[in-house]
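Listed below, chain by chain, are the residues.
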Amino acid sequence: MAAPCAEMEPAAAPRSPGAGELVCARGRNRKAVLCQRCRSRVLLPGAATFARRELFLPSMKKKTTALLASNSPDGDMLQDHWLVDDMFSFENIGFTKDVGNVKFLICADCEIGPIGWHCLDDKKSFYIALDRVSHE
């Protein structure tokens, strides 16, 4: 599923088109991070560091009976993330129940997600996928 909690590549510029304008010279987010659906503010500018780490996030689509019956969940392997080291840095975030040693991060207002990932073995690493949020 996801890489072990200790593995992480050094940060470089994001690979997503136009994502380079999201990262300042210090490697932090230039713009506020927002929920794609309800536009609720997830992070303030400067609250997170860009990190590249390959993580699997389940699909944001509604679960269907076919998906529930399947052993291989539908989702995406994502690489570009905002890394937050303190859960209290978030303006608005929710957590799912434990899935193994992982909690998925969701919008606390509209509950869409997962938009991010947190390994319970590492209390200081909360990842928000750039492809699952908006910026302003």
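Cut-off values and rules
Residues numbered from 1 in each chain as written. Predicted model: local features only at pLDDT ≥ 70, side-chain atom pairs only at ≥ 80, totals over all residues. Heavy atoms only, no water. UniProt positions renumbered as here; feature names shortened; annotations may be inferred. Salt bridge = Lys/Arg side-chain N within 4 Å of Asp/Glu carboxyl O. Helix = DSSP H or I, 4+ residues; strand = E, 2+ residues; numbered from the N terminus. Buried < 20%, exposed > 50% of the residue type's maximum accessible area, 1.4 Å probe, protein only. Polar contact = N/O pair within 3.5 Å; in protein donor to acceptor, adjacent residues only side chain to side chain. Contact = heavy atoms within 4.5 Å.

As named in an unreviewed UniProt entry, the protein chain is Guanine nucleotide exchange factor MSS4, taken from Platysternon megacephalum. Among the UniProt annotations of the protein chain, the heading Function (unreviewed entry) holds the following wording: "Guanine-nucleotide-releasing protein that acts on members of the SEC4/YPT1/RAB subfamily. Stimulates GDP release from both YPT1, RAB3A and RAB10, but is less active on these proteins than on the SEC4 protein. Might play a general role in vesicular transport."

Novice: Account for the pattern of salt bridges, with residues named and values stated.
Specialist: Taken as a whole, this structure holds six salt bridges when the rule is applied. The shortest N-O distance in the salt bridge between Lys31 and Glu21 comes to 3.7 Å. Of the two residues, Lys31 is situated in the segment before strand S1 (33–35) and Glu21 in the segment before S1; the sequence distance between them amounts to 10 residues. One salt bridge in this structure joins Arg52 and Asp80, with 3.1 Å as the shortest N-O distance. With Arg52 in strand S3 (residues 49–58) and Asp80 in strand S4 (residues 75–84), this pair connects stretches of sequence that are 28 residues apart. With a relative accessible area of 4%, Arg52 lands in the buried category. Three or more residues are tied together by salt bridges with common partners; here these are Arg39, Arg41 and Glu136.

Novice: Please give an account of the side chain of Asn29 that cites residues and values.
Specialist: Along the chain, Asn29 turns up in the segment before S1. Reaching out from Asn29, the side chain makes a polar contact with the backbone oxygen of Lys31 at a distance of 3.0 Å. Within the structure, the side chain of Asn29 is placed 2.9 Å from the backbone nitrogen of Ala48, a separation counted as a polar contact. Contact partners of Asn29, with chain neighbours within four places excluded, come to Leu22, Leu43, Leu44, Pro45, Gly46, Ala47, Ala48 and Trp82.

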